[in-house]
Amino acid sequence: MKLPISNRAFQYNDGFFETIMVVDGRLCFWADHKDRMREAASALQLTIPEYFWDGELEDNLLQLVKQRNAVKLGRLKLKVWRAGAGLYTPQTNEIEWLATAEPTHPLPDAGIEIGVCHSVTTCLSPFSNFKGPQAPLYVLAGIERQTKGFDDLLLLNTDGHVAELISSNIFWMKGDVLVTSDLKTGCVNGILRRNIIRWCQQHNIVVQEVLAKPEELLEADSVFGANVTGIKRIASLKRTVLTHDGNLENRLKAALHLK
C-alpha cells in the first residue's frame, strides 16, 4: 500500500489507532475497542463507515491475523485517519485505514522498575482518552525512560498527579480498595482499564478514581500497570521497593483471560 504525500496521518497526525490483542483466534475486548473508536471518531469528527460496526471489519481483521500466523497469540494495530488532502481544514471527514498484525509472546512475570517522567506531562483534552493524537508525548517519555534505564516511567499531569505509565494505566491496592488515576489527569481510557473497573464493580470491589501524588504509591499494598497486553507488577518506584500483594492481579488475569 502506497500513501500519498498529502496523507493526513502523515501531514497532521489526523487520526487515531487501536492496539488489539488476538487470543486463540478472537479479537479480545472487541466491543470495548469499538466503543473507544466511536468516542475517538466523535472527538475528531470522523465519519466511520457502517462496516466497522456490523461485523465486516472484524472478519477482515481475523483474515489478516490468519495470514500473519498470529492466531494463537497476536498483536493487531488498526490505524484510522481522515481521508483527502487539504491544509488544517480538511476536504472530507471520511476515513481511510490500515491494519497490521504479528505474532507476540506473553508478558514475563517479573516485576518492572519505574521512574518518574520529567520531560513531559499529561493534560486533559478532547483527545487524551484515546490513542494517536498525543503520541509524541509518549515518544518523548520513551526516550527519557531509555536514557534513565528504567523499564517504564510514571507520567504526571501538570499539577503533579499520577496519570499513567508510558503505555499502560496504573492501579494500586490500598486495603480492600482498588485505586486508579482519574481521567481528569489526561490518562488514556484504556481498554483493560475499562474491563478491570467493570469486573471489580460486578464483584463488589470498591474502585476509586483519584488525583494522587506519586508518594501515595509507596504506601500501597500492591501496584501494577495494565493494558491490553496484560498486567505488569510494579516492583519499585525510583529504586524504592514496593510492597506486593498479587491476589487481585491473579484474580483479574484469570477472570479476563489474560495471557
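Up top is the structure these notes are about.
Throughout, residues of each chain are indexed from 1 in the direction in which the sequence is written. A pLDDT threshold of at least 70 governs which residues receive local features in this predicted model, and a stricter bar of 80 or more applies before side-chain atom pairs are shown or counted, although totals over entire chains, interfaces and linings include all residues. Remark: hydrogens and water are excluded; side-chain values derive from all non-hydrogen atoms of the structure.

K.L.:
How should a nonpolar patch on the surface be read in this particular structure?
P.N.:
Residues enter patches when they are more than 30% accessible in relative terms and free of salt bridges; like-charged ones are connected within 9 Å and nonpolar ones (Val, Leu, Ile, Met, Phe, Trp, Tyr) within 5 Å. The protein chains shown are the only cover counted for residues, whose accessible areas, like all others here, come from Shrake-Rupley with a 1.4 Å probe. Throughout this description, the term salt bridge denotes a Lys or Arg side-chain nitrogen within 4 Å of a carboxyl oxygen of Asp or Glu. There is a patch of nonpolar side chains on the surface, built from V139, L140 and I143 and spanning about 270 Å² of accessible area. Along the chain, V139 turns up in helix 4 (residues 135–148). In DSSP terms, a helix is any run of H or I states spanning at least four residues, a strand is any run of E spanning at least two, and both are numbered starting from the N terminus.

K.L.:
Just checking my understanding: could you explain the layout of surface pockets for this structure?
P.N.:
To find leftover empty space, a probe the size of one water molecule is rolled over the atoms. If you add up the space inside the largest pocket, you get close to 550 Å³. A pocket, in this scheme, is an open set of points on a 1 Å grid over the protein atoms alone with protein on both sides within 12 Å along at least 5 of 7 lines, while a cavity is a set where a 1.4 Å probe fits but cannot get out; residues line either one if an atom lies within 4 Å of a point. For the largest pocket, the lining is made up of 30 residues, of which F17, T19, R75, K131 and S167 are closest to its centre. Breaking the lining of the largest pocket down by element, the ones donating at least two residues are strand 1 (15–23), strand 3 (73–82), strand 4 (95–103), helix 4, strand 7 (162–165), helix 5 (191–202) and strand 11 (222–227). Under this grouping Gly is polar, as are all residues other than the nonpolar Ala, Val, Leu, Ile, Met, Phe, Trp, Tyr, Cys and Pro and the charged Asp, Glu, Lys and Arg. For the lining of the largest pocket, the residue count by class is 14 nonpolar, 10 polar and six charged. For the second largest pocket, the calculated volume is near 300 Å³. What lines the second largest pocket is a set of 18 residues, and nearest its centre among them are P108, A110, I112, K232 and R233. At the level of elements, strand 12 (230–237) and helix 6 (247–255) are the ones that each hand at least two residues to the lining of the second largest pocket. In terms of residue class, the lining of the second largest pocket is built from six nonpolar, four polar and eight charged. Grid points are joined across faces, edges and corners, and a volume is the space filled by probe spheres set on the points.

K.L.:
What is the right way to read the nonpolar core from this model?
P.N.:
In summary, soluble globular proteins display a tendency toward joint burial of nonpolar side chains. Grouped together as the largest cluster of nonpolar side chains are 25 residues, with contacts concentrated most on F16, I48, F52, L76 and L78. Among the secondary structure elements, those contributing two or more residues to this core are strand 1, helix 2 (30–44), helix 3 (56–67), strand 3 and strand 4. Per-element tally for this core: the top contributor is helix 2, with five residues. Pairs of residues are marked as contacts when any of their non-hydrogen atoms sit within 4.5 Å. With sequence-adjacent residues up to four places away left out, I48 is seen in contact with A41, W53, V80 and I95. With 23 residues, the next largest nonpolar core counts F29, L178, I196 and L258 among its residues. Residues belong to one nonpolar core when they are buried, are Ala, Val, Leu, Ile, Met, Phe, Trp, Tyr or Cys, and are joined through side-chain atoms within 4.5 Å. We call a residue buried when its accessible area falls under 20% of the maximum for its residue type, exposed when it is over 50%, and partly exposed in between, using a 1.4 Å probe and counting protein chains only.

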